[in-house]
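# Structural description and commentary
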Amino acid sequence: MIIYIFIFALSLLGVKIADMWYDDQRRLWAGSLLAVLPPIIIAGLRDSTVGSDMELYIVPIFNGIASNGQNLAEFIDSYPDIEFGYLLLNYVVAQVTDLSFVLLICIHILIIIPLYVTAMKWRDYLSPVLFMFIFYMIFFQESLSIVRQSIALSFSMLALTLFLKPQIIQIDTGENIDTGVRRYVYSGVYLVIAFLFHQTTVIALSFPIVFFIVDRFSMRQAYAFYIGVALAIVVFFLNLDALLIWLIDSGYIDLKFIKYTSADDTFTPVLGAANFVVKVLTIAYLVYIMIIYKADSLIKFFLVVAVLDMLFSLCALIMQPLDRISLYFRLVSCISLPYLIFNYPVFFTDEDSPYTRPVEGIVCVILFVYWFYVYMLGNYDDTADYQISGTLFI
């Protein structure tokens, strides 16, 4: 556990330096390197026992291409259930070296850097340090295992940022920022990259749809619409298992997705109630802000996303792999919580003390306890016992 805390602290110090001296190129680069290198290095040097998917497919696939010397077409045909982007990354690295730690470093470059860029793009509206802290607390351990989806999630967050940024500027200044089709093109490119690493990226397409709905329909003026949507979502989730099985049986989606249904018969609750800590915290803060302040489109967007996160996680208690779907909504908490704390600060005052304490500190403590309970004590995704690989240069 100590190694993780040390690495997180180093990285957050780098983020702070880069944020404080953003206009000083030398300090910005120094801070940025300190921000991204520690988590990338610790991920690259880990043993194959750190991460539940390491020995499942990460190491076997790379060792297979590194030793067999297949051409790219044969290699891709050998793994029909693995996305093209991930196989291409393995193939390219294998042409340079057969050292698996190089692949692991490249994987986390594709995970950490897009998220760090996302955090810095939001720096005018939230604390990049808090953004990265939340990421470390709610997702970094999982990124050591589900590497394909982690890359997809990182690029999806970058795509979401490019889409939302003009909306934020308009809410903040009242000015309508016309960026033409450029932001849609860039967002589309990032989503394509994400999709090449994991097909669940299609979930990220719901973000602009959700924002369009909450931006066009007032919650006070369209109760029937929102109630109808809520009921439709409930019906959808109640019948999700049967719907997936029907789509698979009809040939509309691949048989490999059977693992996301009860037909696979391998489901056990993992995170349990702890999985709802971040969701309840986010929803509670959003509801409080909506009561105190007038809710803008972004606040309503964050609320709907948090509710969707909760719904998918509830389904995951019955069918655990569905938690993978909720990850797209969960990671938005890296934006929503810091944004709320930065723009709608809440302070707690002790009657016996003249000093006020910001809610930010309480949020950080809750998230740290969550990280410790789930990932260290619970050893979720098998990352608690960190070990450096003993075969780095063999």
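Treat the numbers as computed from the prediction; the structure is a model and nothing was measured. (Residues numbered from 1 in each chain as written. Predicted model: local features only at pLDDT ≥ 70, side-chain atom pairs only at ≥ 80, totals over all residues. Heavy atoms only, no water.)

Attention now goes to the overall build of the chain. Looking only at helices and strands, the chain has 18 helices and two strands in total. Among the 394 residues that make up the chain, the fraction classed as buried is 49%. Considering only contacts within the chain whose residues lie at least 6 apart along the sequence, 74% involve residues at least 24 apart. Only carbon and sulfur atoms are counted for the fraction: they give 65% of the accessible area of the chain, which is about 18,700 Å². (Helix = DSSP H or I, 4+ residues; strand = E, 2+ residues; numbered from the N terminus. Buried < 20%, exposed > 50% of the residue type's maximum accessible area, 1.4 Å probe, protein only. Contact = heavy atoms within 4.5 Å. Areas by Shrake-Rupley, 256 points an atom, 1.4 Å probe, with all protein chains shown as cover.)

As for its position among the elements, V304 is in helix α15 (residues 297–316). Distance in space between the C-alpha atoms of V304 and V210 is 7.5 Å, their sequence separation being 94 residues.

With that settled, the discussion passes to helix α16 (residues 323–330). Counted residue by residue, α16 has seven buried out of eight residues, so it is predominantly covered. Those residues of α16 lying buried are D323, I325, S326, L327, Y328, F329 and R330.

The next subject is the pattern of salt bridges. As a working rule, side chains carrying opposite charge can pair if their charged atoms are close by. A complete count under the given rule lists five salt bridges for this structure. Residue R123 pairs with D19 through a salt bridge whose shortest N-O separation is 3.1 Å. You can see R123 sitting in the loop between α6 (100–121) and α7 (128–138) and its partner D19 sitting in helix α1 (residues 2–20), a full 104 residues away along the chain. Between R148 and E83 there is a salt bridge whose closest N-O contact spans 2.8 Å. Residue R148 is found in helix α9 (residues 147–173), and its partner E83 is found in the loop between α4 (72–78) and α5 (84–96); the two are separated by 65 residues along the sequence. (Salt bridge = Lys/Arg side-chain N within 4 Å of Asp/Glu carboxyl O.)

Its location among the elements puts S156 in helix α9. With residues near it in sequence (within four places) discarded, S156 still touches L191, A194, T201, A204 and Y328.

Quick look at unusual backbone geometry now. Backbone geometry at N379 places phi at a positive 55°, although glycine is not the residue there. With respect to the helices, strands and loops of the structure, N379 is situated in the segment after α18 (359–377).

Take the nonpolar core next. Counting residues in each nonpolar core, the largest one holds 115 residues, and the members touching the most others are Y4, Y86, F135 and F301. Excluding anything up to four places from it in sequence, Y86 contacts Y57, I58, I61, L103, I107, V147, R148, L196 and F197. (Core = buried A, V, L, I, M, F, W, Y, C linked by side-chain atoms within 4.5 Å.)

Here the chain shows a mean pLDDT of 80. Residues at 70 or above account for 77%. Taken together, the stretch residues 264–271 has pLDDT below 50 and engages in 18 contacts with residues farther than four places along the chain or on a different chain. (pLDDT = per-residue confidence, 0-100.)

Under the criterion given, the structure shown has 22 aromatic pairs. For the pair F207 and F329, a centre-to-centre distance of 5.8 Å together with 90° between the ring planes defines the contact as edge-to-face. Residue F207 is located in helix α11 (residues 206–216), and its partner F329 is located in helix α16; the two are separated by 122 residues in the primary sequence. On the basis of relative accessibility, which here comes to 4%, the residue F207 falls in the buried class. A connected cluster of aromatic rings, assembled from ring pairs, spans Y4, F8, F135, Y136, F139, F140, F368, W371 and Y386. One Lys or Arg, R123, reaches over the ring of Y22 and ends 4.1 Å from the middle of that ring. Against the face of Y57 rests R148, its NZ or CZ located 5.0 Å from the ring centre. (Phe/Tyr/Trp six-rings, centres within 6.5 Å; stacked < 30°, edge-to-face > 60°. Lys NZ or Arg CZ within 6 Å of the ring centre and 35° of its normal.)

The subject of this paragraph is the side chain of S333. Considering the arrangement of structural elements, one finds S333 in helix α17 (residues 333–343). If near-sequence neighbours (up to four positions away) are discounted, S333 is found in contact with I134, I138, V278, T282 and P338.

We now examine the packing of α1 against α18. Two elements in contact, α1 and α18, have axes separated by 12 Å at closest approach and are oriented at 140°. Overall, the two elements α1 and α18 adopt an arrangement that is oblique. Seen from above, α1 lies across α18 with right-handed handedness. Of α18, the residues touching α1 (which contributes Y4, I5 and F8) are F368, W371 and M376. Residue composition of the contact of α1 with α18, by class: six nonpolar, no polar and no charged. (Axes fitted to C-alpha atoms, helices over the stretch in contact; angles between N-to-C directions. Parallel < 35°, antiparallel > 145°, perpendicular 65-115°, else oblique. Left-handed = near helix turned anticlockwise from the far one by under 90°. Nonpolar A, V, L, I, M, F, W, Y, C, P; charged D, E, K, R; others polar.)

Turning our eyes to something else, we now look at the environment of Y91. One can find Y91 in helix α5. Overall, Y91 belongs to the buried group, its relative accessible area being 18%. Remark: the alpha-carbon pair of Y91 and F75, spanning 16 residues in sequence, is separated by 8.0 Å. In contact with Y91, not counting residues within four places along its chain, are I65, Q70, N71, L72 and F75.

A separate point is the environment of Q70. Among the secondary structure elements, Q70 is positioned in the loop between α3 (54–68) and α4. Q70 sits 21 residues away from Y91 along the chain, and the two C-alpha atoms are 9.1 Å apart. Those residues within four positions of Q70 in sequence are excluded, and the remaining contacts are I65, F75, S78 and Y91.

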